[in-house]
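The chain contents come next:
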Amino acid sequence: MRRSRLTLLIIVILYITLVSYIFILKPYALNKNYKIEESSKKLATLTDKEGRIIVVDKTIYEVWLDLKTIKERKKLEKLKYQLDRFLKEEDYEKPYIMLGKYEDILELKTYIPESILRYCRIYKTYERNYNTSYDLRKNIGEKGKTEYGIEPYLYNNGILANSEKIKLTLDLKMQKIAYEELSKMIKSQNAEGGTVIIMETKTGKIRASVSNYPYNMAFMGYVEPGSTMKPIIYSIALEKNLISPYQKFSLTSKISPVPGVNFTIGEAEGHHFTSLDAKDAIAYSSNVAAVKVMQKIMGNFSNDWLYNKLEQIGFGKKTGIEFNKEISGVFTKPEKWYKITPYQIAIGQGIGVTPIQLVSIFNVFANEGKYVKPTFLEDKVTDSRQVFSPEIANLMKDWLRYTMLKGTARKAYKPGVLIAGKTGTAQKAISGKGYSDKYYSLFVGFFPASKPKYTIVSIIDDPKNEYYGGEVAAPVATNIFSRLEEFNYYKKTEIIDDYLPNLKGKTLMEALFILKEIGIDEKKIIIYGNGNYVIKQDPDVSYDKDEVNYVILYLGDEKNGKDNNIR
């Protein structure tokens, strides 16, 4: 009797052990509670400076079927009819297979029968959703898919995974304006591409960055600065008292700067001057005057001194902005210079500068002579250093305003838009062959001219109709700044009760205004694509506005056109 009881007890223990193994050690096999495992860590949401979403993690539930266990338990024949909905014939050879990705558990349970779900393991993971509008994607990049960009930088430096939200310096409204004005000019000039960067003068914060190329030219490409180099050369000479603010230059149409060397530098086509003071020499961009200023510098200092001075200003080294794969431009060491190299540099040749370097360097004239390191992080206070004295910087600021009114940039002047800056026209160099017959059109300046708030660089690559900076690149800047207040002029639109209205066919500005009117926080709005009209929205119409987590606006070129995304 006792032995029978002992045998029964052992059987009960073995049964409990077996059940525990199935239900505890292998919970995904027969567990009706569907254990959910966290398979990845949620990454930080990226927003613009106003909190508008640029990148956000979306929760996704991955469902993995355990075919191995189904076969071991000889359940395959019984379940095959249901499994055929999800699997191809070759899938049956695999031990595990993903059945799908779902946005919520209810959807998952509705779609997958419980008889199959009991043999599944569910993983909670996250997918990054990106705002692709107005060239943002080239700035942001993508963790795990691109080596370049802000997001890979933040991830590699342990910032992305250890923060809940990161506020970037970008302003989506300003980004939109910059993208549209640059695109208009590229189209009108049938140009190869172009770049615009807008920096907040005092802080170095990048408010907009557009690069109309397959890659991000603003941080990963370089150009010769052309005549935008001249204010820097003049400022060096002024600071060392090698010229005076009232300097008069006697000029000829061309100059041979190095005795005994067959090399001449002439004025731009159609320009001829006999005499100019320093201010007019900057305004009218005299090449010969710039060479004469460099002769003063080289008569007092060595190649090494000039190289170190320009490097201290910011040439030839990365700015250190939070962007993976930023390049350092091209600035040859002085031991490899030719006798003519300093004079080429005086007119912006023989040196390669990235657009982010150029706008950061030029910013010293708007910022009391102080260089401030550019940044993409809104809450970061960046390093700064004094490059020129405030007196020299303010003098050059006045000269650059004069250049806009009377000099090479005068055609870009707009009443009420008080802007200052310098134009440049740089021939495109061909490696090992010299210069081509194609040009970069450049403008670097700041707005407003008297008390600058923003510093801008605009570059147009190979414009076909005009190529001077004052006629092509400078108008991009003035058009951008003249539009900055346009967002205040939208009239109230009729709103229907408390529901999300149909925004299809509306312009982006109309749609944003309507959403604001019904109380949708602009931080919840994601813009997808580059067109002028909303061609699709998510959620759809008649959705209770109080239930809205995010609104995605898909843009296209026409009211009923197709999406025009940047990938």
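Further up the page is the structure itself.
Nothing here was measured: the structure is a model prediction, and the numbers come from that model.

The rules behind each value
Residues numbered from 1 in each chain as written. Predicted model: local features only at pLDDT ≥ 70, side-chain atom pairs only at ≥ 80, totals over all residues. Heavy atoms only, no water. Helix = DSSP H or I, 4+ residues; strand = E, 2+ residues; numbered from the N terminus. Buried < 20%, exposed > 50% of the residue type's maximum accessible area, 1.4 Å probe, protein only. Contact = heavy atoms within 4.5 Å. Pairing = 2+ DSSP bridges. Axes fitted to C-alpha atoms, helices over the stretch in contact; angles between N-to-C directions. Parallel < 35°, antiparallel > 145°, perpendicular 65-115°, else oblique. Left-handed = near helix turned anticlockwise from the far one by under 90°. Nonpolar A, V, L, I, M, F, W, Y, C, P; charged D, E, K, R; others polar. Salt bridge = Lys/Arg side-chain N within 4 Å of Asp/Glu carboxyl O.

Enquirer: Quick question: what am I supposed to make of the overall build of the protein chain here?
Expert: Looking only at helices and strands, the protein chain has 19 helices and 22 strands in total. Counting every position in the protein chain, which comprises 567 residues, the buried fraction comes to 53%. In the protein chain, once contacts between residues fewer than 6 apart in sequence are set aside, the share between residues at least 24 apart is 71%.

Enquirer: How do you make sense of the pairing of strand 7 (residues 193-200) when you look at a structure like this?
Expert: Consecutive side chains of a regular strand alternate in pointing toward one face of the sheet and then the other. Of all 8 residues in strand 7, 8 are buried, a share of seventy percent or more. With burial as the criterion, each face of strand 7 is covered, one bearing Gly-193, Thr-195, Ile-197 and Met-199 and the other bearing Gly-194, Val-196, Ile-198 and Glu-200. By the bridge criterion, 8 bridges tie strand 7 to strand 17 (residues 454-461) in an arrangement that is antiparallel. Bridge assignment links Thr-195 to a residue of strand 17, and that residue is Ile-459. Summarising the sheet, strand 7 and strand 8 (residues 206-211) pair through 5 bridges and their orientation is antiparallel. Looking at strand 8, one finds that Ile-197 is bridged to Ser-209. Hairpin geometry of strand 7 and strand 8 is characterised by an intervening segment of 5 residues between the two adjacent antiparallel strands and by a positive phi of about 80° at Gly-204.

Enquirer: For this particular structure, what's the right way to read the packing of helix 9 (residues 172-189) against helix 18 (residues 469-482)?
Expert: Describing two packed helices takes the angle between their axes plus the distance from one axis to the other. Their axes nearest at 9 Å, the elements helix 9 and helix 18 cross at an angle of 150°. Our classification of the angle between helix 9 and helix 18 gives roughly antiparallel. Crossing geometry of helix 9 relative to helix 18 is assigned as right-handed. Two secondary-structure elements touch here, helix 9 through Ile-177, Ala-178, Glu-181, Leu-182, Met-185 and Gln-189 and helix 18 through Val-472, Pro-475, Val-476, Asn-479 and Ile-480. Looking at the contact of helix 9 with helix 18 residue by residue, the class counts come to 8 nonpolar, 2 polar and 1 charged.

Enquirer: When you look at the packing of helix 11 (residues 230-239) against helix 16 (residues 355-366) in this model, what are you seeing that I'm missing?
Expert: Where helix 11 meets helix 16, the closest approach of the two axes is 11 Å, and the angle between their N-to-C directions is 50°. In terms of their interaxial angle, helix 11 and helix 16 are classed as oblique. Our pair here, helix 11 against helix 16, has a crossing hand that is left-handed. Here Pro-231, Ile-232 and Ser-235 of helix 11 come into contact with helix 16, specifically with Ile-361, Phe-362 and Phe-365. When the residues that make up the contact of helix 11 with helix 16 are grouped by side-chain class, the tally is 5 nonpolar, 1 polar and no charged.

Enquirer: Before we go on, may I ask you to explain the pattern of salt bridges in this structure?
Expert: For the structure shown, the criterion picks out 25 salt bridges. The salt bridge partner of Lys-325 is Glu-147, with a shortest N-O separation of 3.4 Å. Placement of Lys-325 in the loop between helix 14 (303-313) and helix 15 (341-346) and of Glu-147 in the loop between helix 7 (136-140) and helix 8 (150-156) is noted, with a sequence separation of 178 residues between them. Using a relative accessible area of 44% as the deciding quantity, one classes Lys-325 as partly exposed. Among the charged side chains, a salt-bridge network with shared partners connects Asp-48, Lys-49, Glu-50, Arg-52 and Asp-171.

Enquirer: Would you mind going over the sheet that holds strand 20 (residues 533-538) with me for this structure?
Expert: Paired through their backbone hydrogen bonds, the strands of a sheet run either parallel or antiparallel. Spatial ordering of the open sheet is given by 19-22-20, a layout of 3 strands whose pairing is mixed. The strands lining the two open edges of the sheet, one partner per strand, are strand 19 (525-528) and strand 20. On average, each strand axis in the sheet is inclined to that of its neighbour by 25°, with strand direction left out of account. Direction of pairing for strand 19 relative to strand 22 (residues 551-556): parallel, over a ladder of 4 bridges.

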